[in-house]
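Chains, contacts and geometry: an overview
This is what each chain is made of:
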Amino acid sequence: MSGLARAVRRAAVPAGLAAARRGNGGGRRWGWGLALGLALGVKAAAGGGTEEAAPPPRGFGAAIDASRDLLRRIKDEAGIPGILVGVSVDGREVWSEGLGYADVENRVMCKPETIMRIASISKCLTMMAVAKLWEEGKLDLDAPVQKYVPEFPEKVYEGEKVTITTRLLVSHLSGIRHYEKDIAKVKEEREKANRALKSGQDKEQKEKDGKGIEKTDSIKSKKEHEGEAKSRNSKPGRRDKEFEHEEYYLKEKFESVIESLKIFKNDPLFFKPGSQFLYSTYGFTLLSAVVERVSGQKFTDYMLKMFRDLDMLSTVLDDNEAMIYDRARCYVYNKKGRLVNAPYVDNSYKWAGGGFLSSVGDLLKFGNALLYSYQAGQFRSTNSKLLPGYLRPDTVAMMWTPVPKTEVSWDRDGKYGMAWAVVEKKQQCGFCRQQRHYASHTGGAVGASSVLLILPEELDSEAIDTALVVPPRGVIVTIICNMQSVSLNSTALKIAREFDKEKRAQCIDEKKRDE
């Protein structure tokens, strides 16, 4: 039997059928394109000549079709082996699907339950733990970190003793370095970025002045699309500058978060704490030590307990030794442009900042727990009937409030809050672009990319007061893939808007029927 025939036989087992029934199909015929279909990760139904797609959830068929088409294009453009997507609307999972391969060598298809590296979305999970400990009165956000972690030395900047607090750590204002050790290179890159930003703003202003205000949104959308396309298409899966740093590829296994502090704890600060923004995964490594000391438990034990409380049973440590069912393999492209397995790395030095694995279903649960907590306090007439959120509403509001002096590399509309990028509601001119309030975080790891985006509904006061709706209200989108250096934030936002648009259309239709 040929290799292709064996692949076809393997793709047609009942497990494949189960995943296909959950939406992994589009009704196209195999025919002569069978081999191409397998290469692109198209799944076949056993015994039939067509893909069998289950009917989409009522009311969201158009959004699912458009979003699936968008993801397939991105997958093909960037040469992504496998990609997962999950969408929740008003607390209900309405779409989850896997496209392509979780394991190329063994022809294991992606499915909604597939588990991948979520990279820096881990920071959002860690922030949930920090917020919980703060609510319980165990953690002072403004106390020096040495109060909890005396192993971290007190710091001096330009001859002046300075203080690093938990509040500064969660917003990347501490001055602790990221993977780049050379401060001169960091400053040079920041200056280049600032010049590019200013140049872009000047060009936008000229376009605006010359062509009229109505053109600015299309200009901006075009730039965002070009920027994301460039990120996906230039050298997909290869090492960009971020992935040239050796510390991305550490293979040492650290037995504790305190031990992992040795990587950076004696390095000088890059700036005075609180004065500038510098995204730092190592800041979250220090944060994990704070959580450990405050909680009285190992950081990993505390996080796993929190995941159980949140019913996130598929979210685990990225442990190379553990047997983790449905774990996908990670991939990169080598210098010759060939797909290869990602290098072996041990992420025990950065559990808090990029060391967890999860599924799209679990990330939707996490997003809904936050959204519920955020909105629960707004439902005044039903407060007595609603269960409390995992966090208090004002706590989530604090997390989703932009912090001065911060910036966001993946969304220039946003500022960084507390372990979340936040975009505020804004509209400058009538009949022009309306900027919705949302929170997001992206992730980039060796052989993986991710995004989690939460788009809260703008709640109507009448509906709240009359108890016509209950939280959570809004759209949550998460995307994970097993390829590094793939920009996914604007894709997630486009998908969120598709589902929000269909949701609004449903509401209009219901009102018409009631009249």
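Judged by how many residues are buried, strand β14 (residues 448–456) sits mostly within the fold: 9 of 9 residues are covered. Bridging between strand β13 (residues 438–445) and β14 involves 7 bridges; their strand directions are antiparallel. Pairing of A439 across the sheet is with I454, part of β14. Taking the residues between adjacent antiparallel strands as the criterion, β13 and β14 are bridged by 2 residues, where G447 takes a positive phi near 75 degrees. Of the pairings in the sheet, the one linking β14 to strand β15 (residues 474–481) comprises 8 bridges and is antiparallel in character. The residue of β15 that forms the bridge with S450 is I480.

Moving on to the nonpolar core. Within the largest apolar cluster, 97 residues are counted, with the highest numbers of intra-cluster contacts made by F366, L370 and W420. Among the elements that line this core, the one with the most residues is helix α5 (residues 121–135), at 9 residues. Aside from chain neighbours lying at most four places away, what touches F366 is C124, L125, M128, L310, M312, W420 and L452. Residues I74, I80, I495 and F499 belong to the second largest nonpolar core, which totals 37 residues.

Another aspect to go through is the pattern of salt bridges. Enumeration according to the criterion identifies 29 salt bridges in this entry. The residue E252 makes a salt bridge to K262 at a minimum N-O spacing of 3.4 Å. With a gap of 10 residues between them, E252 in the loop between α8 (216–233) and α9 (257–260) and K262 in the loop between α9 and α10 (281–295) connect regions that are remote in the sequence. For K262, a relative accessible area of 48% gives the class partly exposed. A single salt-bridge network, built from bridges that share partners, covers K425, R436, E458, D500 and R504.

To continue, consider unusual backbone geometry. When glycine is set aside, most residues are seen to have a negative phi, and most peptide bonds are trans. A cis amide bond links P471 to the next residue, P472, at an omega of 0 degrees. Structurally, the position occupied by P472 is in the loop between α15 (461–465) and β15. Phi is positive for A119, close to 55 degrees, though the residue is something other than glycine. Among the secondary structure elements, A119 is positioned in the loop between β4 (116–117) and α5.

As a further point, take the packing of aromatic side chains. Geometrically, a pair of aromatic rings is defined through the distance of the ring centres and the angle of the planes. All told, the structure shown has 16 aromatic pairs when counted by the stated rule. Pairing Y179 with Y248 gives two aromatic rings, centres 4.2 Å apart and planes at 35 degrees, and the pair type is tilted. Taken together, the positions of Y179 in the loop between α6 (166–170) and α7 (183–211) and Y248 in the loop between α8 and α9 put the pair 69 residues apart, joining distant regions of the chain. The burial state of Y179 is the same as that of Y248; both residues are buried. Directly above the ring of Y101 sits R107, whose terminal nitrogen or CZ lies 5.0 Å from the centroid. We note K123 situated over the ring of F284; from NZ or CZ to the ring centre the distance is 5.8 Å.

Let's shift gears to the packing of α5 against α10. One can describe the packing of α5 onto α10 by two numbers: an axis separation of 10 Å at closest approach and a directional angle of 35 degrees. α5 and α10 meet at a crossing whose hand is left-handed. Contacts between α5 and α10 pair K123, T126, V130 and L133 from the former with T281, F284, L287, V291, V294 and S295 from the latter. Of the residues assigned to the contact of α5 with α10, the class counts are 6 nonpolar, 3 polar and 1 charged.

This paragraph deals with helix α4 (residues 61–78). With 18 residues, α4 extends 26 Å between its outermost C-alpha atoms, agreeing within 8% with the 26 Å of an ideal straight helix rising 1.5 Å per residue. Listed in full, the buried residues belonging to α4 are G61, A63, I64, S67, R68, L70, L71, R72, I74, K75 and A78. Phi turns positive one or two residues past the end of α4, at G79, with a value near 65 degrees.

Its 17 residues place the ends of helix α13 (residues 360–376) 24 Å apart at the C-alpha level, agreeing with the 24 Å of an ideal helix rising 1.5 Å per residue. By the criterion of burial, α13 is predominantly enclosed, with 15 of the 17 residues buried.

Of all 8 residues making up β13, 7 are buried, and the element is well covered by its neighbours. Of the pairings in the sheet, the one linking strand β12 (residues 421–423) to β13 comprises 3 bridges and is antiparallel in character. Its bridge partner being in β13, V423 is matched across the sheet by Y438.

Rules and cut-offs
The numbers attached to residues start from 1 for each chain and follow its sequence in the written order. It should be noted that, the model being predicted, local features are given only for residues of pLDDT at least 70 and side-chain atom pairs only at 80 or more, the latter also being counted only at that level, while totals for whole chains, interfaces and linings use all residues. Neither water nor hydrogens contribute to the side-chain values; these are computed over all heavy atoms in the structure. Any residue under 20% of the maximum accessible area for its type is buried, any over 50% is exposed, and the rest in between are partly exposed; the area is computed with a 1.4 Å probe on protein chains only. Runs of E in the DSSP output that reach at least two residues are strands. Runs of H or I that reach at least four are helices, and both are numbered from the N terminus. When DSSP finds two or more bridges between a pair of strands, those strands are recorded as paired. Definition used in this section: a nonpolar core is a set of buried Ala, Val, Leu, Ile, Met, Phe, Trp, Tyr and Cys residues joined via side-chain atoms within 4.5 Å. Contacts are residue-level and defined by heavy atoms, with any inter-residue pair within 4.5 Å sufficient. One side-chain nitrogen of Lys or Arg within 4 Å of one carboxyl oxygen of Asp or Glu is enough to make a salt bridge. Pairing of aromatic side chains here covers Phe, Tyr and the six-membered ring of Trp, requires ring centres within 6.5 Å, and sorts the geometry by plane angle: under 30 degrees stacked, over 60 edge-to-face, intermediate tilted. The rule for a charge over a ring is simple: NZ of Lys or CZ of Arg within 6 Å of the ring centre, and within 35 degrees of the ring normal. The convention used is that axes are lines fitted to C-alpha atoms, helices contributing only their stretch in contact, and that angles between N-to-C directions extend from 0 to 180 degrees. Left-handed describes a crossing whose near helix is turned anticlockwise from the far helix through less than a right angle; right-handed describes the clockwise counterpart. Amino acids outside the nonpolar list (Ala, Val, Leu, Ile, Met, Phe, Trp, Tyr, Cys, Pro) and the charged list (Asp, Glu, Lys, Arg) are all regarded as polar, and Gly is one of them. A helix is expected to span 1.5 Å for every residue after the first.

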